[in-house]
Amino acid sequence: MTVNLEVAEGVGTIRLDRPPMNALDVATQDRLKELAEEVSRRDDVRAVVVYGGEKVFAAGADIKEMQRMDHAGMVVRSRALQESFTAVARIPKPVVAAITGYALGGGCELALCADFRIAADNARLGQPEILLGLIPGAGGTQRLARLIGPSKAKDLVFTGRMVKADEALELGLVDRLVPAADVYAEAYAWAAKLAQGPAIALRAAKEAIDTGLETDIETGLAVERTWFAGLFATEDRERGMRSFVEEGPGKAKFR
């Protein structure tokens, strides 16, 4: 398999495994969607890490495979490509990308689907599709602009340039830099901590934030209001408030 899933302590690790550069061919895209949908369903997965291994996250699409496609073929395939990445973005649980080495093209777009991005201090990120006479096709023109703003996104997309880890952090493209050897451990620790949190409330928070970014504020507020009131029907809310009153903040143990 070009993408594998490992589950431990409530954390599901979706691991790209297509050496040497984790090129995202059609089979990898389809497998990615399959595993994203699986972790979305599984009750034993409470948070997710997307990881490419110690040397590289993903260096982009399989260009040799793409070169063989014509317009008609890509009209069909482009939808499936976007659906694979959207399946990752729609995982209703906290998702962190653990970025080592290159995260370019589709690799960068995959990282954009996560809620949080932890990168190696020697990582390189970018959207180089323009250098092939193309534009990003797996969400890069949309998620990148929403994350770092339109002007900064246009700079990266128009030029196709790679950015080093420190600039990626400055741009807001990644959220934390750590030594390369520590990337997965840091990402796993982030996910493991959230895996102990209130699962339904975390799902509600993610949906409310993401919906708000994709629509007008009134719709976003309506989603927030609905989830906020609905959470009063959960055991986690009862447990969290009781713990706060009896023990003080931050001591609740959620199921």
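The structure this text deals with has already been given above.
No experiment lies behind these values; they were computed from the predicted model shown.

How do you make sense of the pairing of strand β2 (residues 11-16) when you look at a structure like this?
Both faces of the sheet carry side chains from a regular strand, because those side chains alternate between them. Of all six residues making up β2, five are buried, and the element is well covered by its neighbours. Pairing of strand β1 (residues 3-8) with β2 involves six bridges; the strand directions are antiparallel. Within β2, the position partnered with glutamate 6 by the bridge is threonine 13. What sits between β1 and β2 in their antiparallel hairpin is a turn of two residues, with glutamate 9 showing a positive phi close to 55 degrees. Strand direction decides the pairing type here: β2 and strand β3 (residues 47-51), joined by five bridges, are parallel. Across the sheet, residue glycine 12 finds its bridge partner in β3, namely valine 48. Where the polypeptide runs from β2 across helix α1 (residues 26-41) and back to β3, its parallel neighbour, the crossover connection is right-handed.

Honestly, unusual backbone geometry in this entry has me stumped. Any pointers?
It is generally the case that most residues other than glycine have a negative phi and that most peptide bonds are trans. Cis geometry is adopted by the peptide bond preceding proline 20, which originates at proline 19 and carries an omega value of 0 degrees. Locating proline 20 in the fold gives a position in the loop between β2 and α1. Positive phi values are uncommon outside glycine, yet glutamate 9 reaches one of about 55 degrees. Among the secondary structure elements, glutamate 9 is positioned in the loop between β1 and β2.

Would you mind going over the sheet that holds strand β4 (residues 95-99) with me for this structure?
As a general point, the strands of a sheet are linked pairwise by backbone hydrogen bonds and lie either parallel or antiparallel. Overall, mixed pairing links the six strands, which are arranged β1-β2-β3-β4-β6-β9 in an open sheet. Either end of the sheet is taken by a strand with one partner, and the two such strands are β1 and β9 (176-178). Looking at each pair of strands side by side, their axes are set apart by 20 degrees on average, direction ignored. The pairing of β4 with strand β6 (residues 116-120) spans four bridges and is parallel. The residue bridging alanine 97 from the neighbouring strand is arginine 117, located in β6. Taken strand by strand, α1 contacts β1, β2 and β3, and its axis lies near 20 degrees from that of β1.

Analysis parameters
- Residues numbered from 1 in each chain as written.
- Predicted model: local features only at pLDDT ≥ 70, side-chain atom pairs only at ≥ 80, totals over all residues.
- Heavy atoms only, no water.
- Buried < 20%, exposed > 50% of the residue type's maximum accessible area, 1.4 Å probe, protein only.
- Helix = DSSP H or I, 4+ residues; strand = E, 2+ residues; numbered from the N terminus.
- Pairing = 2+ DSSP bridges.
- Right-handed = clockwise from strand over helix to strand, strands pointing away.
- Axes fitted to C-alpha atoms, helices over the stretch in contact; angles between N-to-C directions.
- Contact = heavy atoms within 4.5 Å.

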